[in-house]
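Structural overview for review
Okay, here's what each chain looks like letter by letter:
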Amino acid sequence: MSEPGGTELSATLRRIERAAGALATASVARMDEALPWFRELPADQRSWVMLVAQAGVRSLVQWLRQGGGATDSTQEVSDEVFAAAPQALARSISLQQTVALIKVTIEVVEEQVGHLAVEGEEQSLREAVLRFSREIAFAAARVYARAAETRGSWDARLQALLVDALLRGDSPDVLASRASALGWSDAPPVAVAVGRSPGGEVAAVLHTVYRQARRIGVEVIGGVHGDRLVIVLGGAADPVAATEKLLTAFGDGPVVVGPAVPSLDEATDSTRAALAGFRAAPAWPTAPRPVPAADLLPERALAGDAEARRRLRHDVYAALVRAGGELLETLDAFFAAGGTLESAARALFVHPNTVRYRLKRVAEVTGFSPLAPRDAFALQVALTVGRLDPVVPTVAPVPTQTSSPGGRKTPQTGDDRRRSL
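Figured I'd write up the structure that's included with this text. Predicted model, so just to flag it, every value in this text is computed and none were measured.

1. Quick look at the overall build of the chain
Of regular secondary structure, the chain possesses 20 helices and seven strands. When the 421 residues of the chain are sorted by exposure, 43% land in the buried category. Taking contacts inside the chain between residues at least 6 apart in sequence as the whole, the part at least 24 apart equals 65%. Counting only carbon and sulfur atoms, one obtains 54% of the accessible surface of the chain, whose full area is about 21600 Å².

Structure (structure tokens):
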């Protein structure tokens, strides 16, 4: 039996070289018959497969001349087979389909061994083709692995840019274009979660995020920004509950979830709230993990977050002002009495049930119950912010009547009353 690559195979190699074009054509024809999906490929992709088949036959000849699988040359020669087609082919045809194409080509070559090999070299050629097919399969795996790594690196850069755009508050057009390149479907609602990164390779951190997100069926885009891990969640009906299932991807410390918004276009609002909450979260050591950014309004306001101050001023203090002065008066008395109903009632000269009713009204108006310690703290901060910021008016003065020089009654404003005093 002759050894592949020896001088005995010289005549066989010349025959294979002359038959390279016919072998490639026969292989593509067999693919068209045996593989239904191959018939549906566009013409350009079918032509790429033809080029790969021709390169494969040439590579077989070169491989045999170099010794039939020498360690130093196997990878270089094998990878050249796939260099004949653009990298886009790896995105159009899956690895499983590529293996099917290789299998068909090898079968065609094996069927032609009797015509390709000179007398006495048939078995040696068959064995060489089998070994070469193994090397080609490994080469295909390497090509797809490199394509996956390239795609992964590109996706990681795009995601980092998208997260950076969210943190900067870029325009919705910028967010939409980058998200579209990542295949983001923008399933509502969308929310942003911020926590500490566990450290280590960014790719490994994000891989953990994506693996866990797939398990719970939500769409995510993640990025590590400094020491923070920022995750954009899409399609989670309850973003806080979804984030709770992703907690192992975060490092130690608080994890804050911004409010849910309809789409990625509005995710900058959720991002700002989550970041502000993350900065203020250390002021609430016993906060749940994760915690909604809205639950950190008082800490955010004390930390200088303008949006939190606005919400406390408008949604809480102004709401109490609009509801009537007795709620503010009762709330002040209740806090001054250390949260004791009876003491507050005595200070107001009303029945304790009246105080209880008014406190219930406060909860209905603001969403914060004065009887709950955490809500009471938020209400106290809201009262402070509302009284410090002059934007919200107090109870409007009731105009009184005064006489004009002609004896006509005219309304008297608060400034007029102060001047008269």
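2. Re the pairing of strand S2 (residues 219–225)
Of all seven residues making up S2, five are buried, and the element is well covered by its neighbours. Direction of pairing for S2 relative to strand S3 (residues 228–234): antiparallel, over a ladder of seven bridges. Of the residues in S3, the one forming a bridge with valine 224 is leucine 229. Between the antiparallel neighbours S2 and S3 lie two residues, among them glycine 226 with a positive phi of about 65 degrees.

3. Re the packing of helix H16 (residues 325–336) against helix H17 (residues 341–348)
Relative orientation of the contacting elements H16 and H17 amounts to 125 degrees, with a least axis distance of 8 Å. Judged by the inter-axis angle, H16 sits oblique to H17. Here the hand of the crossing between H16 and H17 comes out right-handed. Of H17, the residues touching H16 (which contributes Glu329, Thr330, Ala333 and Phe334) are Leu341, Ala344 and Leu348. Here the residues of the contact of H16 with H17 are counted per class, giving five nonpolar, one polar and one charged.

4. Focus on the pattern of salt bridges
For side chains of opposite charge, pairing can occur when their charged atoms come near one another. Throughout the structure, instances matching the rule amount to 14 salt bridges. Measuring nitrogen to oxygen at the nearest pair gives 3.0 Å for the salt bridge that ties aspartate 269 to arginine 272. Of this pair, aspartate 269 and arginine 272 both sit in helix H13 (residues 267–280), separated by three residues, roughly a single helical turn. On the basis of relative accessibility, which here comes to 44%, the residue aspartate 269 falls in the partly exposed class.

5. With respect to the sheet that holds S2
Pairing is mixed in the open sheet, where five strands are placed in the order S2-S3-S1-S4-S5. Across the chains shown, the open sheet's two edge strands, defined by having one partner strand only, are S2 and strand S5 (291–292). Across seven bridges, strand S1 (residues 190–196) lies against S3 in antiparallel orientation. Paired with glycine 195 across the strands is leucine 229, a residue of S3. Together, S2 and S3 form the strand contacts of helix H11 (residues 202–216), whose direction differs from that of S2 by roughly 160 degrees. Its contacts with the sheet put H13 on S1, S3 and strand S4 (256–257), and the angle it makes with S1 is roughly 25 degrees.

6. Let's talk about the pairing of S3
Within S3, seven of the seven residues are buried, which leaves the element mostly enclosed by the surrounding structure. Of the two faces of S3, the one carrying Arg228, Val230, Val232 and Gly234 and the one carrying Leu229, Ile231 and Leu233 are both buried.

7. Some details on the environment of alanine 187
Mapping alanine 187 onto the fold places it in the loop between helix H10 (172–181) and S1. Expressed as a C-alpha distance, the spacing of alanine 187 and valine 218, which sit 31 residues apart in the sequence, is 8.9 Å. Not counting chain neighbours up to four residues away, the residues in contact with alanine 187 comprise Glu219, Gly234 and Gly235.

8. A few points about the packing of H16 against helix H19 (residues 373–388)
Direction vectors running N to C along H16 and H19 enclose 120 degrees, while the axes themselves pass 12 Å from each other. On the basis of the axis angle, H16 is oblique to H19. H16 and H19 meet at a crossing whose hand is left-handed. In this structure, H16 uses Leu328, Leu331, Asp332 and Phe335 to contact H19, whose residues at the interface are Ala376, Leu379, Gln380, Leu383 and Arg387.

The rules we used
- Residues numbered from 1 in each chain as written.
- Predicted model: local features only at pLDDT ≥ 70, side-chain atom pairs only at ≥ 80, totals over all residues.
- Heavy atoms only, no water.
- Helix = DSSP H or I, 4+ residues; strand = E, 2+ residues; numbered from the N terminus.
- Buried < 20%, exposed > 50% of the residue type's maximum accessible area, 1.4 Å probe, protein only.
- Contact = heavy atoms within 4.5 Å.
- Areas by Shrake-Rupley, 256 points an atom, 1.4 Å probe, with all protein chains shown as cover.
- Pairing = 2+ DSSP bridges.
- Axes fitted to C-alpha atoms, helices over the stretch in contact; angles between N-to-C directions.
- Parallel < 35°, antiparallel > 145°, perpendicular 65-115°, else oblique.
- Left-handed = near helix turned anticlockwise from the far one by under 90°.
- Nonpolar A, V, L, I, M, F, W, Y, C, P; charged D, E, K, R; others polar.
- Salt bridge = Lys/Arg side-chain N within 4 Å of Asp/Glu carboxyl O.

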